[in-house]
Every structure is written in C-alpha cells, then in structure tokens.
Amino acid sequence: METTKETVVKTKTKMWKGKAYTIEMTETQLADLRHQADVCKLNGYDFGYFLNEWLPSWMRDDWPEVAAEVFAESNPELKVGLGATMNLWSDRRAMTIVEVVTPRKIVVQENETKCIDYYAGNYEVLDTIAEYMGKHTFTLRKNGRWVEEGQPKKFGSVTLTVGFRRHYIDPSF
C-alpha cells in the first residue's frame, strides 16, 4: 500500500531541554483548524474558548499564533446591516451592525425576536431592529475578540461574534 506525504504548509523550530525540534503543520491539519474555527464561531464561542476547548493540545501549544490568525480570517467584512451575536455568559442576543465607526469599532443594536418555545431555547429572529433597545459599542481587541467598549480586554464578559444572528435565553436562570 502506497502512502502519500501531505504537503507541509507551516514549519517552526521549538526548543525543549536545550535541543531544537522542528514541528510541522500539514494542509489537512490547517483545514481542520479552519473548520474548528468556523464551528466555534457558528456557536458563538469566543477565541479563548476556541483555543482552550476546541483545539487539540498540539495545535494549542505549538501553533497559537496560527490559530489566532485563522480565527481572525473567518471574520466577514464589516458593513451596516450585517448580523452579529452578542454573547452574555450563557445567553445570546441577535444583533445587527448599525454603524461601522472604524475597522476596529462597531455599533450594534438588538433585533426583534419571537419566542417559539422558551424551554427549548427556540426563537425566531426577525429582520426588524428593536428601536427601543439601546445601542452597544464593541471594539476589536488584539486577541481577536470583539469586546464591549469599556470592558477589560482579557476578561471581558460581553463579547460579539460577527457574521450571523443567534438568539437564546438560558431558561435555567
């Protein structure tokens, strides 16, 4: 049986106990990393969660800069009307970008929703913006996360995922 060697797309040297070791990332591994970043974003998870929970330890330990780059690459182009999801601990709020201040600063407002089944977490997100709800300003931080303006970079608890709308209110609280 013939085995084919995969194309190596990234290499780097790592020091361990005074010796240099070459580590490699193949096309398949990079594709897997991109897939995991997309799944993570679709579920509204932030980069820290992605790094700690979704990545195999070798990717997390050996390739954190590539993981950050891949996670940032999957951010769509910012424009007014683009959907977003505000992540509030276990709750999610469907949002729409209403203003792009700079490429690193946006303003969002909540969408109207219709509850289908509260206990199942089933909501219909409507296209209309809830004008009675306040606007929220988010800034893109160096770690690749959209964090609400005024919150600390590292432990900001209100984050934003850009590119899709998801609404969920945790019924256990």
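Up top is the structure.
What you see is a predicted model, and the numbers here were worked out from it, not measured in a lab.

The rules we used
- Residues numbered from 1 in each chain as written.
- Predicted model: local features only at pLDDT ≥ 70, side-chain atom pairs only at ≥ 80, totals over all residues.
- Heavy atoms only, no water.
- Helix = DSSP H or I, 4+ residues; strand = E, 2+ residues; numbered from the N terminus.
- Buried < 20%, exposed > 50% of the residue type's maximum accessible area, 1.4 Å probe, protein only.
- Contact = heavy atoms within 4.5 Å.
- Areas by Shrake-Rupley, 256 points an atom, 1.4 Å probe, with all protein chains shown as cover.
- Lys, Arg positive; Asp, Glu negative; His and termini not counted.
- Charge placed at Lys NZ, Arg CZ, Asp CG, Glu CD.
- Polar contact = N/O pair within 3.5 Å; in protein donor to acceptor, adjacent residues only side chain to side chain.
- Arc of directions from axis to C-beta.

Undergrad: What am I meant to see in the overall build of the protein here?
TA: From N to C terminus, the protein includes four helices and nine strands. Along the protein, from the amino end to the carboxyl end, the secondary structure elements read β-β-α-α-α-α-β-β-β-β-β-β-β. For the C-alpha atoms alone, the extent of the protein along its principal axes is close to 60 × 40 × 30 Å. Within the protein, buried positions represent 36% of all 173 residues. Nonlocal contacts in the protein, meaning residues at least 24 apart in sequence, comprise 50% of its contacts between residues at least 6 apart. Within the structure as shown, the protein displays about 10,400 Å² of accessible surface, and the carbon and sulfur contribution to it stands at 52%. Here the protein holds 23 positive side-chain charges and 25 negative ones, and the gap between their average locations is 7 Å.

Undergrad: What am I meant to see in the environment of asparagine 111 here?
TA: Structurally, asparagine 111 is set in strand S5 (residues 105–117). Along the chain, asparagine 111 and isoleucine 129 lie 18 residues apart, while their C-alpha atoms are 4.3 Å from each other. Dropping the residues within four chain positions of it, asparagine 111 is found in contact with Ala94, Met95, Thr96, Val125, Leu126, Asp127, Thr128, Ile129, Ala130 and Arg165. A polar contact of 2.6 Å, which involves the side chain of asparagine 111, links it to the side chain of threonine 96.

Undergrad: I tried to follow helix H2 (residues 47–54) on my own but got confused; where do I start?
TA: For an α-helix, 3.6 residues make a turn, and residues three or four places apart therefore share a direction. Among the residues making up H2, those that are buried are Phe47, Phe50 and Leu51. Looking straight down H2, one finds that the buried residues subtend no more than 95° of arc, so they occupy a single side. In H2, the exposed residues that point more than 90 degrees away from the buried face are Asn52 and Glu53.

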